[in-house]
Amino acid sequence: MGGTSANRNDDAGKRSAETANGAAARQAPSHAVVAEALRQRIALGGFGPGDRLPTERELATVFGVGRNTVRQAVRELADEGLVVTTLGRSGGTRVAPAPAGGRGGRAAIAAGIRASLRDYMEYRQAIEPFAARLAAERGGAAARRRLVEMLDAKVADLGEYHRVDTRFHLGVAEAGGNEVLAGAVTRARTEMFVAGNALWLGSDWTPVYPTDRDFGGAFREEHEAIALAVLSGDGDTAERRMREHLQESHRQFLVLLDQFASTSG
């Protein structure tokens, strides 16, 4: 009887994963959203005059969109005179020279990013701890074991860290079998990291992760307590550990934002 219930929950988790993935596709950022994220990074000085933007492939990976979407976004910035694209072996897309008087508005942009980050992290703290509780209390055995197996993922750099981190958080949400909640977690992460990925791209992460830090070890350290609580069926601990993790993540993002704003001004 217990095995039948677990199978039903695993099936529900699979359906939830399909629903969440569909929601992510529908919520994928448009070229206008990508353009705005890059525009903010340029305005803050993260990409200075003459700096070459990452390649289309790199930007598509960072934003989780197709290369055509990136192409449209860059074309929009070029039309505004913010970037210039040249052909040839030494070509590429570079930030245009700043007009006299600078680009201005950096403090306001940084404040806007800070407020948006606060809103998204507060929203995630409202829904993801409960998702962890549901995963622990009614998640299928296979779905709960997969969360623990993720702790051994090979994580070579921040890009891989972000990908496995996303799989973990969506896996927790999907394990609980609530499709609406899984969709909400997916949308919150998708929308939050659109602008965030442009901001953190190429940033100095050493205030959070020292240069000799093993990212695989960091991922395990930050998620192990959640995964083990979910595996053991301890809803109270799973909920508490997820909340603590999100609070620490918010703190880390603020450290990076403070550093970014201070060095780009």
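Residues numbered from 1 in each chain as written. Predicted model: local features only at pLDDT ≥ 70, side-chain atom pairs only at ≥ 80, totals over all residues. Heavy atoms only, no water.

Undergrad: Could you give me a rundown of helix 7 (residues 158–175), with the residues and numbers involved?
TA: Every α-helix carries 3.6 residues per turn, so stepping three or four residues along brings you back to the same face. For helix 7, with 18 residues, the first-to-last C-alpha span of 25 Å sits near the 26 Å given by 1.5 Å per residue. Three or more residues of helix 7 are buried, namely Tyr 161, Val 164, Asp 165, Phe 168, His 169, Leu 170, Gly 171, Val 172, Ala 173, Glu 174 and Ala 175. By the N-cap criterion, in which a side-chain oxygen at the helix start approaches the backbone nitrogen of a residue two or three places on, helix 7 is capped by Asp 157, the distance to Glu 160 being 2.8 Å. One or two residues past the end of helix 7 sits Gly 177, with phi positive at roughly 80°. (Helix = DSSP H or I, 4+ residues; strand = E, 2+ residues; numbered from the N terminus. Expected span 1.5 Å × (residues − 1). Buried < 20%, exposed > 50% of the residue type's maximum accessible area, 1.4 Å probe, protein only. Polar contact = N/O pair within 3.5 Å; in protein donor to acceptor, adjacent residues only side chain to side chain.)

Undergrad: Provide a residue-level description of the pairing of strand 1 (residues 83–86), including the pertinent values.
TA: Where strand 1 meets strand 2 (residues 92–95), four bridges bridge the pair, whose relative direction is antiparallel. Looking at strand 2, one finds that Thr 85 is bridged to Thr 93. Counting the residues that bridge the hairpin from strand 1 to strand 2 gives five residues, and of these Gly 88 lies at a positive phi of roughly 100°. (Pairing = 2+ DSSP bridges.)

Undergrad: A description of the packing of aromatic side chains should follow, citing residues and the corresponding values.
TA: Considering all chains together, one arrives at two aromatic pairs under this definition. Ring centres of Tyr 161 and Phe 219 lie 6.0 Å apart, and the angle between their planes is 80°; on these two criteria the pair is classed as edge-to-face. Of the two residues, Tyr 161 sits in helix 7 while Phe 219 sits in helix 9 (residues 215–232), which places them 58 residues apart along the sequence. A residue is classified by how much of its surface remains accessible, and Tyr 161, at 10% relative accessible area, is buried. Both rings, one in Phe 168 and one in Phe 219, keep their centres 6.0 Å apart while their planes meet at 85°; by these two values the pair is edge-to-face. With Phe 168 in helix 7 and Phe 219 in helix 9, this residue pair connects regions lying 51 residues apart in the sequence. Grouping aromatic residues by their ring pairs yields a cluster made of Tyr 161, Phe 168 and Phe 219. Cation over ring: Arg 41 sits above Phe 47, and NZ or CZ is 4.5 Å from the ring centre. (Phe/Tyr/Trp six-rings, centres within 6.5 Å; stacked < 30°, edge-to-face > 60°. Lys NZ or Arg CZ within 6 Å of the ring centre and 35° of its normal.)

Undergrad: So what's going on with the environment of Leu 257? Which residues, and what values?
TA: Mapped onto the fold, Leu 257 is located in helix 10 (residues 235–264). Using a relative accessible area of 0% as the deciding quantity, one classes Leu 257 as buried. Spatially, the C-alpha atoms of Leu 257 and Ile 113 are 8.5 Å apart, while their sequence positions differ by 144 residues.

Undergrad: Which residues make up the environment of Ala 227, and what values go with them?
TA: Note that Ala 227 resides in helix 9. Owing to a relative accessible area of 0%, Ala 227 belongs among the buried residues under this scheme. Taking C-alpha positions, Ala 227 is 8.4 Å from Val 172, a pair spaced 55 residues apart along the chain.

Undergrad: Quick one: what's the story with the packing of helix 2 (residues 31–43) against helix 4 (residues 67–79), residue by residue and with numbers?
TA: For the pair helix 2 and helix 4, interaxial distance at closest approach is 8 Å and the crossing angle is 50°. Between helix 2 and helix 4, the crossing angle belongs to the class labelled oblique. The chirality of how helix 2 crosses helix 4 is right-handed. Residues His 31, Ala 32, Val 34, Ala 35, Leu 38, Arg 39 and Ile 42 of helix 2 touch helix 4, and the partners they reach there are Thr 69, Gln 72, Ala 73, Glu 76 and Leu 77. Here the contact of helix 2 with helix 4 is built from residues that sort into seven nonpolar, three polar and two charged. (Axes fitted to C-alpha atoms, helices over the stretch in contact; angles between N-to-C directions. Parallel < 35°, antiparallel > 145°, perpendicular 65-115°, else oblique. Left-handed = near helix turned anticlockwise from the far one by under 90°. Contact = heavy atoms within 4.5 Å. Nonpolar A, V, L, I, M, F, W, Y, C, P; charged D, E, K, R; others polar.)

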